[in-house]
Amino acid sequence: MKIGARPRRPLTAGMRRGTAGTVAVTALVAAVCGTGGPTAAPDPASATTRTVAASRTKAAGAPTVKDAKPVAGAAGERVDCKRAKCVALTFDDGPGRHTDALLRHLAAYRARATFFVVGRNVAANQAIVRRTYAAGHEIGSHTWSHPDLTTLPAAKVRAQFARTDRAIKAAIGVRPKLVRPPYGAFNAAVRKQTRRPLVMWSVDTLDWLHRDSSRVARKTLKSVRPGSVILFHDIHPTTVAAMPKVLKRLSARGYTFVTVSRLYGGRPPKLVYGR
Ligand code: NI
């Protein structure tokens, strides 16, 4: 099948689109991309917004979001990326068992990141998503079950988004503002099913393929530019283990780690590729 639009860089194996349906392909997708899920990016805006959203959720009978105490004053919330050297680290396919370790690494460098989560993983790990959001990170939608959206009829694409939106809202009190289609695969039909920005990337670390911390760090450090959107997968322990080095080296080069929304001053374009 044709992909209607592609990331600026050629599709890599990591972005290979499933040929749909077979158990083997499903297993590969699960291994490569986690159980897939949409990424929704709540506005990293204000602590007040989050607190209010949290109370509303609670009032609505959703799981409590009392853990979601916003972190005040982190560098990523104030920076103007038109002037500063910003980079958006993005983590797909979680949450998973290594996400908490990643949160600790990010916190050590006051780094903000964007997590494109898979809806069914969110439903199974609400507390981790709450902790992630409370730490100031952005939560975006990566669909409910990580399908290649270009293979689905419109109604199913919408269902993938809607179900994930509900799971994320139940976890953190707000609906995601950003969407990353699995494999970066979309076409005009998919594009019509949501008005939210579709977030691609400018650096693909191929972390899911190599599962090698040194290699992930090397690729990142070599490819990053101001304004880069870098693709990682926090379901792989090798990726999480690479982050201290990445964060340390990029901090030394003067980078500020921001959410995707912050990178674009709160107004990402309809298609995001980074620089
Ligand atoms: Ni994915």
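Bear in mind the structure is a predicted one, so any value in this text is a computation, not a measurement.

**Some words on helix H7 (residues 154–172)**
Part 1 of the argument: With 19 residues, H7 extends 27 Å from end C-alpha to end C-alpha; this agrees with the ideal 27 Å at 1.5 Å per step.
Part 2 of the argument: Just downstream of H7 lies Gly173, where phi reads positive at about 90°.

**So, the coordination of the nickel ion**
Part 1 of the argument: Of the protein atoms, only Asp93 (OD), His142 (NE2) and His146 (NE2) coordinate the nickel ion, at distances of 2.0 to 2.2 Å.
Part 2 of the argument: Ordering the donors of the nickel ion by residue number gives the pattern D-x48-H-x3-H. Linking Asp93 in the loop between strand S2 (86–92) and helix H4 (99–108) with His142 in strand S4 (residues 138–142), this pair joins segments that are 49 residues apart in sequence. His142 matches Asp93 in its accessibility class, with the two residues each being buried.

**A few points about unusual backbone geometry**
Part 1 of the argument: At the junction of Gly94 and Pro95, the peptide bond is cis and its omega measures out at 0° in the coordinates.
Part 2 of the argument: Relative to the helices and strands, Pro95 is located in the loop between S2 and H4.
Part 3 of the argument: Within the chain, Thr143 stands out as a residue other than glycine whose phi angle is a positive 75°.
Part 4 of the argument: Mapped onto the fold, Thr143 is located in the loop between S4 and H7.
Part 5 of the argument: Positive phi is not limited to glycine here, since His146 has a value of about 65°.

**What about the pattern of salt bridges?**
Part 1 of the argument: Counted according to the given criterion, the structure contains 5 salt bridges.
Part 2 of the argument: Across the pair Arg131 and Asp100 runs a salt bridge whose closest N-O atoms are separated by 2.7 Å. Of the two residues, Arg131 sits in helix H6 (residues 126–134) while Asp100 sits in helix H4, which places them 31 residues apart along the sequence.
Part 3 of the argument: Several salt bridges converge on common partners, so that one network encompasses Asp165, Arg175 and Arg196.

**Brief notes about the pairing of strand S7 (residues 229–233)**
Part 1 of the argument: Taken across its 5 residues, S7 has 5 buried, putting it largely inside the fold.
Part 2 of the argument: Relative to S7, S2 runs parallel, the two being bridged by 5 bridges. Of the residues in S7, the one forming a bridge with Ala88 is Val229.
Part 3 of the argument: Across 2 bridges, strand S6 (residues 203–204) lies against S7 in parallel orientation. Bridging from a neighbouring strand, Asp204 pairs with Leu231 of S7.

**Digging into the nonpolar core**
Part 1 of the argument: Membership of the largest hydrophobic core comes to 35 residues, with the highest contact counts inside it found for Leu89, Phe91, Leu106, Phe115, Ile139, Ile172 and Met243.
Part 2 of the argument: Of all elements in the fold, only S2, H4, strand S3 (113–117), H6, H7, helix H10 (213–223), S7 and helix H11 (237–252) reach the threshold of two or more residues within this core.
Part 3 of the argument: Counting residues per element, this core draws most heavily on H11, at 6 residues.
Part 4 of the argument: Membership of the second largest hydrophobic core comes to 23 residues, among which are Leu149, Val157, Val190 and Val229.

**Overview of the side chain of His146**
Part 1 of the argument: Inspection of the secondary structure assignment puts His146 in the loop between S4 and H7.
Part 2 of the argument: Only 3.2 Å separates the side chain of His146 from the side chain of Tyr183, close enough to count as a polar contact.

**Some details on H10**
Part 1 of the argument: Among the residues of H10, those classed as buried are Val216, Ala217, Thr220, Leu221 and Ser223.
Part 2 of the argument: Tucked into the core, H10 has its buried residues touching S6, helix H9 (207–210), S7 and H11.
Part 3 of the argument: For H10, the N-terminal capping position is held by Asp212, with its side-chain oxygen 3.0 Å away from the main-chain nitrogen of Ser214.

Basis of the calculations
Residues numbered from 1 in each chain as written. Predicted model: local features only at pLDDT ≥ 70, side-chain atom pairs only at ≥ 80, totals over all residues. Heavy atoms only, no water. Helix = DSSP H or I, 4+ residues; strand = E, 2+ residues; numbered from the N terminus. Expected span 1.5 Å × (residues − 1). Donors = N, O, S within 2.8 Å, 3.2 Å for Na, K, Ca; no water. Buried < 20%, exposed > 50% of the residue type's maximum accessible area, 1.4 Å probe, protein only. Salt bridge = Lys/Arg side-chain N within 4 Å of Asp/Glu carboxyl O. Pairing = 2+ DSSP bridges. Core = buried A, V, L, I, M, F, W, Y, C linked by side-chain atoms within 4.5 Å. Polar contact = N/O pair within 3.5 Å; in protein donor to acceptor, adjacent residues only side chain to side chain. Contact = heavy atoms within 4.5 Å.

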